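# Summary of the model geometry
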Amino acid sequence: MRTKLHEHYGVIPCQIAEAASYSMAMVVRYALGLSAAGGEVCGLISDSLSGWVALATLLHLATCGARPTAVLIGDGGSDDLERQLQPLIAMGLPVSRIDGPADFEALTDVIATSHNVICGLYQPGIALTEDTKRLVEIMNELSTPIHAIELPLGIDADSGAVLAGPLFA
């Protein structure tokens, strides 16, 4: 579907991210009691369309008074990711990077103090790594509501089958 949007209609990934992020921001605002003001929201970000949507969602929430934190997970540094990060950095919002299991405890602390988490880690066609499976286990043990962009981790997009212990989002 993404390929068709781009090749047939000329819609670029940043446009898709912006449109989807507005809707996700409305979902999170509803979860926060219809006001983002003062809401602590953590975005888990990969260098993927899901991650870019999560970043744009954090921006929408910040302009509505939320206090978002972006946590980049794994490698990445594409031009699209940098474009999505730029406004958050310019606004002085916290952006950090988690490189692996050694940093998961710090991530747990960030999530535990958040009212909601936006999971922008889904990447179609990419199998979950052992690190990502461990991260899902950790997130599933927390009481913080998690909103998944596209699909929860551990679910096959084509069949809906569970591939690994799925994220409860």
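Residues numbered from 1 in each chain as written. Predicted model: local features only at pLDDT ≥ 70, side-chain atom pairs only at ≥ 80, totals over all residues. Heavy atoms only, no water.

Among the nonpolar cores identified, the biggest contains 26 residues, and Leu55, Leu61 and Ile118 are the most heavily contacted of them. Taken together, the elements giving at least two residues each to this core come down to helix H2 (13-31), strand E1 (40-45), helix H3 (49-63), strand E2 (67-73) and helix H4 (79-90). Among the elements that make up this core, the one with the highest residue count is H3 (eight residues). Ignoring sequence-local partners within four residues, the contact set of Leu55 consists of Ile45, Ala70, Leu81, Gln84, Leu85 and Leu88. Cys42, Leu135, Val136 and Met139 belong to the second largest nonpolar core, which has 18 residues in total. (Core = buried A, V, L, I, M, F, W, Y, C linked by side-chain atoms within 4.5 Å. Buried < 20%, exposed > 50% of the residue type's maximum accessible area, 1.4 Å probe, protein only. Helix = DSSP H or I, 4+ residues; strand = E, 2+ residues; numbered from the N terminus. Contact = heavy atoms within 4.5 Å.)

One open sheet holds the five strands; their spatial order is E3-E2-E1-E4-E5, and the pairing between them is parallel. The open sheet has two edge strands, strand E3 (95-98) and strand E5 (146-148), and neither has a second partner. Averaged over all adjacent pairs, the angle separating strand axes in this sheet is 20 degrees, with direction ignored. When E1 meets E2, the two strands line up parallel, connected through six bridges. Note that in E2 the partner of Glu40 across the bridge is Arg67. (Pairing = 2+ DSSP bridges. Axes fitted to C-alpha atoms, helices over the stretch in contact; angles between N-to-C directions.)

To continue, consider the side chain of Ser21. Its place among the elements puts Ser21 in helix H2. Within the local environment of Ser21, its side chain forms a polar contact with the backbone oxygen of Glu18, the two atoms lying 2.8 Å apart. Not counting the four nearest positions on each side in its chain, Ser21 is found in contact with Val53, Ala56, Thr57 and His60. (Polar contact = N/O pair within 3.5 Å; in protein donor to acceptor, adjacent residues only side chain to side chain.)

So, about the pattern of salt bridges. Under the definition given, this model contains four salt bridges. Residues Arg67 and Glu40 are paired through a salt bridge, measuring 2.5 Å at the closest nitrogen-oxygen approach. Taken as a pair, Arg67 in strand E2 and Glu40 in strand E1 lie far apart in primary sequence, 27 residues in all. A relative accessible area of 23% means that Glu40 is categorised as partly exposed. Between Lys133 and Glu130 there is a salt bridge; the shortest N-O distance is 3.4 Å. Of this pair, Lys133 and Glu130 both sit in helix H6 (residues 130-141), three residues apart, which is roughly one turn of that helix. When its relative accessible area of 30% is taken as the criterion, Lys133 is described as partly exposed. (Salt bridge = Lys/Arg side-chain N within 4 Å of Asp/Glu carboxyl O.)

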